[in-house]
Amino acid sequence: AELNYQQSQLLSTKAQLQDQVAQLQSAKTQLESTLSILKTLKSGLDELETQIENTKKDIDTLLGLQATLDRLNARWAELQDEIAWLEAQADKTQEEIDAAVGAIKSSEEYLQLQAQIPVIKAQLAAMGVDVDEIQAEIAKRQAALESLENRLETLLKSLKEQELSP
């Protein structure tokens, strides 16, 4: 009888242990699922942060290119006005006008401007931006940046509410 009682106790304990193992396996599966979700969220957060950084860099680059192009174009316009003024001089001979215009056009500044402006335009074209649309493109990218930052803020807020904040 004592042996049957101990056997019964062992079977009961075995059943309890099997139940606990099943519960632990279920908890492990849930934890693995949660870990997978967290990894996906982390990947999404990292991607958003990368997009934000890249958009900020693009905006800074566009602003820099625009400022440089504006400065170069302004100086180019000044030199063109100077050339036009020289060409309009009635009291000078054509040779004097040609020499003065030639001096401007062969100056290092003129040649640098002539070379730099197309380089800036090519950099803009490489970014998919038309020279005449720089302001619109900057505004578009700033709106995209704001949208990305809002998405990131919303995601972080959602994670915090679920106590999953990184």
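Quick note: structure is the one above.
Calculation notes
- Residues numbered from 1 in each chain as written.
- Predicted model: local features only at pLDDT ≥ 70, side-chain atom pairs only at ≥ 80, totals over all residues.
- Heavy atoms only, no water.
- Patch = residues over 30% accessible without salt bridge, like charges linked within 9 Å, V, L, I, M, F, W, Y side chains within 5 Å.
- Areas by Shrake-Rupley, 256 points an atom, 1.4 Å probe, with all protein chains shown as cover.
- Salt bridge = Lys/Arg side-chain N within 4 Å of Asp/Glu carboxyl O.
- Lys, Arg positive; Asp, Glu negative; His and termini not counted.
- Charge placed at Lys NZ, Arg CZ, Asp CG, Glu CD.
- Helix = DSSP H or I, 4+ residues; strand = E, 2+ residues; numbered from the N terminus.
- Buried < 20%, exposed > 50% of the residue type's maximum accessible area, 1.4 Å probe, protein only.
- Axes fitted to C-alpha atoms, helices over the stretch in contact; angles between N-to-C directions.
- Parallel < 35°, antiparallel > 145°, perpendicular 65-115°, else oblique.
- Contact = heavy atoms within 4.5 Å.
- Nonpolar A, V, L, I, M, F, W, Y, C, P; charged D, E, K, R; others polar.
- Polar contact = N/O pair within 3.5 Å; in protein donor to acceptor, adjacent residues only side chain to side chain.
- Expected span 1.5 Å × (residues − 1).
- Left-handed = near helix turned anticlockwise from the far one by under 90°.

(A) Inspection of a negative patch on the surface at higher detail. There is a patch of like negative charges on the surface, built from Glu 87, Asp 91, Glu 95, Glu 96 and Asp 98. Ranked by residues supplied to the negative patch, first place goes to helix α2 (residues 94-105) with 3 residues. Looking at the element boundaries, Glu 95 is found in helix α2.

(B) Layout of the pattern of salt bridges. The tally for this structure, following the rule as stated, stands at 8 salt bridges. Arg 141 is the partner of Asp 58 in a salt bridge, and the nearest nitrogen-oxygen pair spans 3.2 Å. Here Asp 58 is found in helix α1 (residues 2-87), whereas its partner Arg 141 is found in helix α4 (residues 134-161), with 83 residues between them in sequence. You can call Arg 141 buried: its relative accessible area is 14%. The network of salt bridges with shared partners includes Asp 58, Glu 137, Lys 140 and Arg 141.

(C) Region of the structure containing the packing of α1 against α2. Running from N to C, α1 and α2 cross one another at 170°; their axes reach a closest spacing of 9 Å. Relative to α2, the element α1 is oriented roughly antiparallel. For the pair α1 and α2, contact is made by Leu 79, Glu 82, Ile 83, Leu 86 and Glu 87 and by Ile 97, Ala 100, Val 101, Ile 104 and Lys 105, respectively. Taken together, the residues that form the contact of α1 with α2 break down as 7 nonpolar, no polar and 3 charged.

(D) Region of interest: the side chain of Glu 137. Tracing the backbone through its elements, the reader meets Glu 137 in helix α4. A polar side-chain atom of Glu 137 sits 2.6 Å from a polar atom in the side chain of Arg 141. Excluding its chain neighbours within four sequence positions, the residues that come into contact with Glu 137 are Leu 62 and Val 129.

(E) Quick look at α2. Over its 12 residues, α2 extends 16 Å from the first C-alpha to the last, a length consistent with the 16 Å expected when each residue adds 1.5 Å. For α2, the secondary structure elements touched by its buried residues are α1 and α3 (108-126).

(F) Here's a closer look at the packing of α1 against α4. At a minimum axis distance of 9 Å, the contact between α1 and α4 shows a crossing angle of 155°. Comparing their axes, α4 and α1 come out roughly antiparallel. When you trace α1 past α4, the crossing you get is left-handed. The residue makeup of the contact of α1 with α4, split by class, is 16 nonpolar, 5 polar and 7 charged.

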